[in-house]
Structure formats: C-alpha cells, structure tokens
Amino acid sequence: MLNTGSTSAEQGPPLWLLAELTYRCPLQCPYCSNPLEFANHKGELSTAQWVDVFTQARALGAAQLGFSGGEPLVREDLAELIGAARELGFYTNLITSGMGLTEAKIEAFREAGLDHIQISFQASDAEINNMLAGSRKAFEQKLAMARAVKAAGYPMVLNFVTHRHNIDQIDRIIELCVALEADFVELATCQYYGWAHLNRAGLLPTKAQLDHAEQVTNQWREKLAEQGNPCKLILVTPDYYEERPKGCMNGWGNIFLTITPDGTALPCHSARQLPVSFPSVTEHSLSHIWYDSFGFNRFRGYDWMSEPCRSCDEKEKDFGGCRCQAYLLTGDATQADPVCSKSPHHHKILQARAEAEQPQPGIEELTFRNERTSRIICKV
Ligand code: FES
C-alpha cells in the first residue's frame, strides 16, 4: 500500500507487526539494530499482554507477525505466543540467531503453527563468526540449527550481515549456503542505525568491495540457474552508496508497526532514538496508537517536509527517505535523508564513503553490543 499523504482518517491498517519480544541476547553483534541504551529498558510485556497486542493488531487488519528481539528464543513462552498468533490467523515468522534453538524447540514451534524461520549468521567461517557473535560455539550451533530447520520441513532462510570485514568472503558465504541447501539467502550489508551507526567507520565497505560482492553474487546466480538450483540470493546494499533514498518502511506509519519489549509502539525499529514521544500499548489501545497518536502521525503525509523534499517530484515515491537516518546524520528528522543527492547534507554521505577508502579499525576494535557497553555509552 502506498503512502498517499493521507490524513489519519484515511490511513489504512497496519499490515506487518514486528514483536520485539526482548532486548536480551546471548550474542553481542556490533551492528545490532537495537537502541544503544537498550540496557535502560528492562521491562518486558507478559505473555497475556503480548497476546492482547496480537489480538488488537489482528482486529485492525494486520496479517503478518514477526518475532524478533534481541533473541526471541530467550522468551520461554515463545511457543505459546506463536500458537496464539497462529490461532488469530497471522502468518508467523521467527527471526533468530539460532542460539538456544534445539530440535525439540523447532518441533514445538512447528506444532504451534510457526510458518517461517530465518537464521542469521555473522560470517562463513567459525573464527570471524564467533568473534562477532561473542561466542565460541555460535558457528557450529547455527550450522546444526539451519540443518534442523530444513529437516523439519521449513524452507532454509539464511541471513548473512555483511560489512568491510567479511564482504570479501562473499564467495565462501554463498558456497556455504549452497552446501547447506539453503532456499533463500539474504546477503545484507549493514544499514547504519543503532550499534552499526556507532561502529560505522569500522563496518562500511568500500565501493570496490561492494562492486566485487555484486559481481560474485551475479556469477553465483547464473551458476545456480544453470544447475537448476532453486536457491535465491538477495543482495542488499547499503544506502550510503545510493543517490536517492529508499521509501523507508513504505512510508511512516503506513504499514509497519513495531512493538518493543516494554510495549512502546514505533513506526519502525529505529524510531526510539528520535526526539518524538511514542505511545505504549500498556496505556493506549492499538487503534488509538495507530490512527490517532502524535508519534504515528508525526511524519505521515507531506506537510511535515522541508525543502528540497516539499517541492520534489519524487516525494510520493521515497517520502523524503528515512526519518531515522535524517535525524542521525543531521540532528533534524524533518530534513531530507542525506542519502539523496539533492539534500544539502549529502556531503555527509560522501564523507563517509571517503572514510571507507581509508584504513579503519579492525574487528576487535569495534564496540560490541552488550549491557556493559550500553551502560558506558549511554551512562544508564
Ligand atoms: Fe526509522 Fe527509516 S529506519 S524511518
């Protein structure tokens, strides 16, 4: 559904609900999209509160429900939540690192009606994977669970987050996916929000690295097609090498609804960092939150835009780009996303690209996402 610049009275329902069940996670990825100050948000909705959120969202018209985190597997009620969502008629998707997953849990989730599982990897070899994940067992566990997911009859959907330290191994990454008989592989370069923004200099690949990754991926696509291998490779490149911004979230408050562990409702997973007040499901109905709250209406339509977006003939396509990125890079969320070459702040993107060409910190110098670093950075 396109954001047509509608008022709240004309706004369609949320279609995609993302339930961030918890910020707890056994890993410590330096590109985690959780807020830097996550250690400050300890509270989690109860099972009954989550089921109430699902019920309200379904009544509004939401059809797809993603379970994520943190690591959603740390919630002991996950199978119960999946079952409740399925009973309400949601298409359900589990987004997991695979840490804490077991064959018994996969079976329990299957019985509860889970439709889809996506497992994320950090690299194609144990050393870098485990270092980024902050666990010596992460790689073996992920391999075993990817196989177990497939054996349980699910399509194998893998997500590899790529950056300047592993993107040159994309050939090996794809080789591993093919050996695992993956059905879908998302090769997603970091987008620079949350912890990835903090570590941007140490993560952003060079243009040459990206071009190489694209070339290798295309070669693999041809090879797989020739072999009749159904594995689909999806390469997601960073905004920082684009000249026009993405239509982020398909428009603010248009189809996506994220609920954070403590019940704060957001139009995207990064919005918590914006100087905007967002409502909580513990205080308001989802209908009020979606249609009437200040936070969800803040960037709907076009009236909030400043120039050059306001008079731009592409505004109906990209909605001025990403509000979170505009805020992170300019300190003002009403600005055009600096990814756009028409933005007066586009030089910040060009500067980041130029920095990527220079030597940058090694993996071990990145700031890893954990409670300790969260407290130090944010003094929480
Ligand atoms: Fe928040 Fe783009 S990530 S609007």
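Residues numbered from 1 in each chain as written. Predicted model: local features only at pLDDT ≥ 70, side-chain atom pairs only at ≥ 80, totals over all residues. Heavy atoms only, no water.

Before going further, it helps to examine the overall build of the chain. Along its length, the chain carries 15 helices and 9 strands. Relative to the compact-globule value of 21 Å for 380 residues, the chain shows a C-alpha radius of gyration of 20 Å, a close match. Within the chain, the fraction of its 380 residues that count as buried is 56%. For the chain, long-range pairs separated by at least 24 residues make up 73% of all intrachain contacts whose partners lie at least 6 apart in sequence. On the chain, roughly 15,700 Å² of surface is accessible, and the fraction owed to carbon and sulfur atoms is 51%. For the chain, the separation between the mean place of its 35 positive charges and that of its 46 negative charges on side chains is 3 Å. (Helix = DSSP H or I, 4+ residues; strand = E, 2+ residues; numbered from the N terminus. Rg over C-alpha atoms; globule rule 2.2 N^0.38 Å. Buried < 20%, exposed > 50% of the residue type's maximum accessible area, 1.4 Å probe, protein only. Contact = heavy atoms within 4.5 Å. Areas by Shrake-Rupley, 256 points an atom, 1.4 Å probe, with all protein chains shown as cover. Lys, Arg positive; Asp, Glu negative; His and termini not counted. Charge placed at Lys NZ, Arg CZ, Asp CG, Glu CD.)

This part takes up the UniProt feature "domain: Radical SAM core" (unreviewed entry) in the chain. Under the UniProt annotation, "domain: Radical SAM core" (unreviewed entry) lies at residues 11-229. A helix fraction of 44% and a strand fraction of 16% characterise residues 11-229, whose end C-alpha atoms lie 42 Å from each other. (UniProt positions renumbered as here; feature names shortened; annotations may be inferred.)

Here we take up the pattern of salt bridges. Per the counting criterion, the structure on display carries 17 salt bridges. Here Asp183 and Lys150 are joined by a salt bridge, their closest N and O atoms 3.1 Å apart. Residue Asp183 is found in the loop between helix 6 (170-179) and strand 6 (184-189), and its partner Lys150 is found in helix 5 (residues 138-151); the two are separated by 33 residues along the sequence. Owing to a relative accessible area of 28%, Lys150 belongs among the partly exposed residues under this scheme. Measuring nitrogen to oxygen at the nearest pair gives 3.1 Å for the salt bridge that ties Arg353 to Glu243. With Arg353 in helix 14 (residues 346-356) and Glu243 in the loop between strand 7 (232-236) and strand 8 (256-259), the pair connects residues that are 110 residues apart, well separated along the chain. Residue Arg353 is classed as buried on the basis of its relative accessible area of 16%. Through salt bridges with shared partners, a single ionic network connects Arg24, Glu44, Arg75 and Asp77. (Salt bridge = Lys/Arg side-chain N within 4 Å of Asp/Glu carboxyl O.)

A word on the environment of Thr260. Tracing the sequence through the fold places Thr260 in the loop between strand 8 and strand 9 (265-266). Residues Thr260 and His41, spaced 219 residues apart in sequence, show a C-alpha to C-alpha distance of 9.4 Å. Excluding residues that lie within four positions of it along the chain, Thr260 makes contacts with Glu20, Tyr23, Trp50, Leu266 and Arg272. Within polar-contact distance, the side chain of Thr260 engages the side chain of Asp262 at 2.8 Å. (Polar contact = N/O pair within 3.5 Å; in protein donor to acceptor, adjacent residues only side chain to side chain.)

Under the counting rule described, the total for this entry stands at 13 aromatic pairs. The interplanar angle of 55 degrees and the centroid separation of 5.6 Å between the aromatic rings of Trp290 and Phe296 together place this pair among those described as tilted. Of the two residues, Trp290 and Phe296, neither departs from the other in class, the shared state being buried. Here the aromatic residues Trp50, Phe54, Phe67 and Phe90 are joined through ring pairs into a cluster of three or more. Over the ring of Phe121 we find Lys142, and its NZ or CZ is 5.8 Å from the ring centre. Sitting over the ring of Tyr302, Lys315 keeps its end group 5.3 Å from the ring centre. (Phe/Tyr/Trp six-rings, centres within 6.5 Å; stacked < 30°, edge-to-face > 60°. Lys NZ or Arg CZ within 6 Å of the ring centre and 35° of its normal.)

Applying the stated rule across the entire model yields 3 cavities of 30 Å³ or more. The calculated volume of the largest cavity comes to roughly 130 Å³. Taken as a whole, the second largest cavity spans an internal volume of roughly 70 Å³. The wall of the second largest cavity is formed by Pro245, Pro308, Cys309, Cys312, Lys315, Asp318, Gly320, Ala336, Cys340 and Lys342. (1 Å grid on protein atoms, 1.4 Å probe; cavity = no way out; pocket = protein on both sides within 12 Å on 5 of 7 lines; lining within 4 Å. Points joined across faces, edges and corners; volume = space filled by probe spheres on them.)

All right, on to the sheet that holds strand 6 then. Spatial strand order, 7-6-5-4-3-2-1-8-9: 9 strands in an open sheet with mixed pairing. Every interior strand has two partners, whereas the edge strands, strand 7 and strand 9, have only one. Taken together, the 4 bridges between strand 2 (residues 64-68) and strand 3 (residues 91-96) define a ladder with parallel strand orientation. What sits directly across from Leu65, in strand 3, is Thr92. (Pairing = 2+ DSSP bridges.)

This part takes up helix 5. Under the 1.5 Å per step criterion, the end-to-end length of helix 5 is 20 Å for 14 residues, consistent within 8% with the ideal 20 Å. Buried residues of helix 5: Ala138, Phe139, Lys142, Leu143, Met145, Ala146, Ala148 and Val149, and no others. On the buried face of helix 5, the contacting elements are helix 3 (103-112), strand 4 (116-121), helix 4 (126-133), strand 5 (157-162) and helix 6. Looking one or two residues beyond helix 5, the residue adopting positive phi is Gly153, at roughly 100 degrees. (Expected span 1.5 Å × (residues − 1).)

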